[in-house]
Amino acid sequence: MEDAQEPRWLDNDQAQTWLALAATMMRLPAALDAQLQRDAGISHFEYQVLAGLSMSPERTLRMSVLAGFVEGSLSRLSQVVARLEKRDWVRRTPDPADGRYTLAVLTGTGWDKVVAAAPGHVTEVQRLIFDALTKAQQRQLGEIGRRILARIDPNDPCVTGRLP
């Protein structure tokens, strides 16, 4: 019988760092969601969908690409896009290059919504993250985030610099 290899346990400093990072990963989305719900009447996920489309050429993305950008399943994205369609913020259309795919298109009304929501969202991101850090720490945070993402997914747009 082969002995199981002992795991590389976290030392005390690593454990404290991990707990702080894990708490941040759990609480930050809720804090951003609360601000967007309060000020714009949309969820953080809805905002990410609108923002992802707003940054894309012709404000259009394949649903599968958009799902990857917002880190959501295609079924979750479809449900959210259906809600956004009812508000006339997004419309879906077959991809003319390949009809097997569906495109999500940000409408003019959707553009207006993301433009209206962006200042409050950016203010909250500044307050929660960047105001707490020095310029050097901000650069370090960016580098740390990219290094961790590269371990998780080397093709992530934040690693490759190719946003949707």
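The structure under discussion appears in the preceding block.
As the structure is a prediction and not an experimental result, all values here were calculated from the model.

**Student:** Describe in detail the nonpolar core, supporting the description with residues and values.
**Tutor:** Formed by 24 residues in total, the largest nonpolar core has its most connected members in Ile42, Val49, Leu50, Leu53, Leu66, Leu77 and Val90. Counting only elements with at least two residues in this core, the list comes to α1 (12-40), α2 (44-54), α3 (63-69), α4 (74-86), β3 (102-106) and α5 (108-128). With 6 residues, α2 is the largest single contributor of residues to this core. Those residues in contact with leucine 53, other than ones at most four positions away along the chain, are Arg59, Thr60, Leu61, Leu66, Val90, Ala104, Val105 and Leu106.

**Student:** So what about the sheet that holds strand β1 (residues 60-62)? Which residues, and what values?
**Tutor:** One open sheet holds the 3 strands; their spatial order is β1-β3-β2, and the pairing between them is antiparallel. Since the sheet does not close on itself, it has two edges, and those belong to β1 and β2 (90-94), each with one partner. For this sheet, the mean inter-axis angle between neighbouring strands, taken without regard to orientation, is 25 degrees. Sheet topology places β1 next to β3; 3 bridges connect them, and they run antiparallel. When the sheet's bridge partners are listed, threonine 60 is paired in β3 with valine 105.

**Student:** Just give me the short version of the packing of α2 against α5, but keep the residues and values in it.
**Tutor:** Direction vectors running N to C along α2 and α5 enclose 115 degrees, while the axes themselves pass 10 Å from each other. Crossing of α2 over α5 shows left-handed handedness. Every residue of α5 that contacts α2 at His44, Tyr47, Gln48, Leu50, Ala51 and Ser54 is listed here: Trp111, Lys113, Val114, Ala117, Ala118 and His121. Residues of the contact of α2 with α5, tallied by class, amount to 7 nonpolar, 4 polar and 1 charged.

**Student:** If you had to explain α4 to someone new, which residues and values would you point to?
**Tutor:** Its 13 residues place the ends of α4 18 Å apart at the C-alpha level, agreeing with the 18 Å of an ideal helix rising 1.5 Å per residue. Of the positions making up α4, those classed as buried are Leu77, Val80, Val81 and Leu84. The buried side chains of α4 occupy one side of the element, clustering within an arc of 100 degrees when seen end-on. Away from its buried face by more than 90 degrees, α4 exposes Gln79 and Lys86. For α4, the secondary structure elements touched by its buried residues are α2, α3 and β2. Following α4 by one or two positions, aspartate 88 adopts a phi angle in the positive range, close to 65 degrees.

**Student:** Tell me about the packing of aromatic side chains, residues and numbers included.
**Tutor:** For the coordinates displayed, the defined rule picks out 0 aromatic pairs. Positioned above the aromatic ring of tryptophan 111, the side-chain terminus of arginine 59 is 3.7 Å from the ring centre. Above the ring of phenylalanine 45, the side-chain terminus of arginine 76 is found at 3.7 Å from the ring centroid.

**Student:** A description of a nonpolar patch on the surface should follow, citing residues and the corresponding values.
**Tutor:** A cluster of nonpolar side chains, Leu10, Trp18, Leu19, Leu21, Met25, Ile144, Ile148 and Ile152, forms an exposed patch at the surface whose accessible area comes to about 800 Å². Contributions of two or more residues to the nonpolar patch are made by α1 and α6 (135-152). Sorting elements by how many residues they give to the nonpolar patch places α1 first, with 4 residues. One can find isoleucine 144 in helix α6.

**Student:** An account of α5 is requested, with residue identities and associated values reported.
**Tutor:** The end-to-end C-alpha distance of α5 is 30 Å, a good match for the 30 Å that 21 residues give at a rise of 1.5 Å each. Along its length, α5 reaches its greatest deviation from straightness, about 35 degrees, at alanine 118, and the proline proline 119 lies no more than four positions downstream. For α5, the complete set of buried residues consists of Gly110, Lys113, Val114, Ala117, His121, Glu124 and Val125. On its buried side, α5 packs onto α1, α2 and β3.

What counts as what
Counting restarts for each chain, with residues numbered from 1 along the sequence as it is written. With the structure being a predicted model, the display of local features is reserved for residues of pLDDT at least 70 and the display and counting of side-chain atom pairs for 80 or more, all residues being used for whole-chain, interface and lining totals. Side-chain measures here rest on the full set of heavy atoms in the structure, leaving out hydrogens and waters. We define a nonpolar core as any set of buried Ala, Val, Leu, Ile, Met, Phe, Trp, Tyr and Cys residues linked to one another through side-chain atoms lying within 4.5 Å. Exposure categories follow from relative accessible area, calculated using a 1.4 Å probe and restricted to protein chains: below 20% of the type maximum is buried, above 50% is exposed, and the middle band is partly exposed. Secondary structure elements are taken from DSSP: a helix is a run of H or I of four residues or more, a strand is a run of E of two residues or more, and numbering for both begins at the N terminus. Contacts are residue-level and defined by heavy atoms, with any inter-residue pair within 4.5 Å sufficient. Each pair of strands is called paired provided DSSP finds at least two bridges between the two strands. The axes used here are C-alpha line fits, helices contributing only the stretch in contact, and every angle between their N-to-C directions lies in the interval 0 to 180 degrees. The handedness criterion is simple: a crossing whose near helix is rotated anticlockwise from the far helix by less than a right angle is left-handed, and one whose near helix is rotated clockwise is right-handed. Amino acids outside the nonpolar list (Ala, Val, Leu, Ile, Met, Phe, Trp, Tyr, Cys, Pro) and the charged list (Asp, Glu, Lys, Arg) are all regarded as polar, and Gly is one of them. Working rule for helices: expected span equals 1.5 Å times residues minus one. The arc in question is the one traced by the directions running from the helix axis out to the C-beta atoms. Centres within 6.5 Å make a pair out of two Phe, Tyr or Trp rings, where for Trp the six-membered ring is used; the pair is then stacked when the planes are under 30 degrees apart, edge-to-face when over 60, and tilted otherwise. We call a charge positioned above a ring when the Lys NZ or Arg CZ atom is no farther than 6 Å from the ring centre and deviates by at most 35 degrees from the ring normal. Exposure above 30% relative accessible area and the absence of a salt bridge qualify a residue for a patch, where like charges join within 9 Å and nonpolar side chains (Val, Leu, Ile, Met, Phe, Trp, Tyr) within 5 Å. Throughout, the Shrake-Rupley method with a 1.4 Å probe supplies accessible areas, and for residues the shown protein chains are the sole cover considered. One side-chain nitrogen of Lys or Arg within 4 Å of one carboxyl oxygen of Asp or Glu is enough to make a salt bridge. Throughout, bend refers to the angle between the axes fitted to the seven residues that end at a position and the seven residues that start at it.

Remember, this is a structural readout, not a statement about activity or role.
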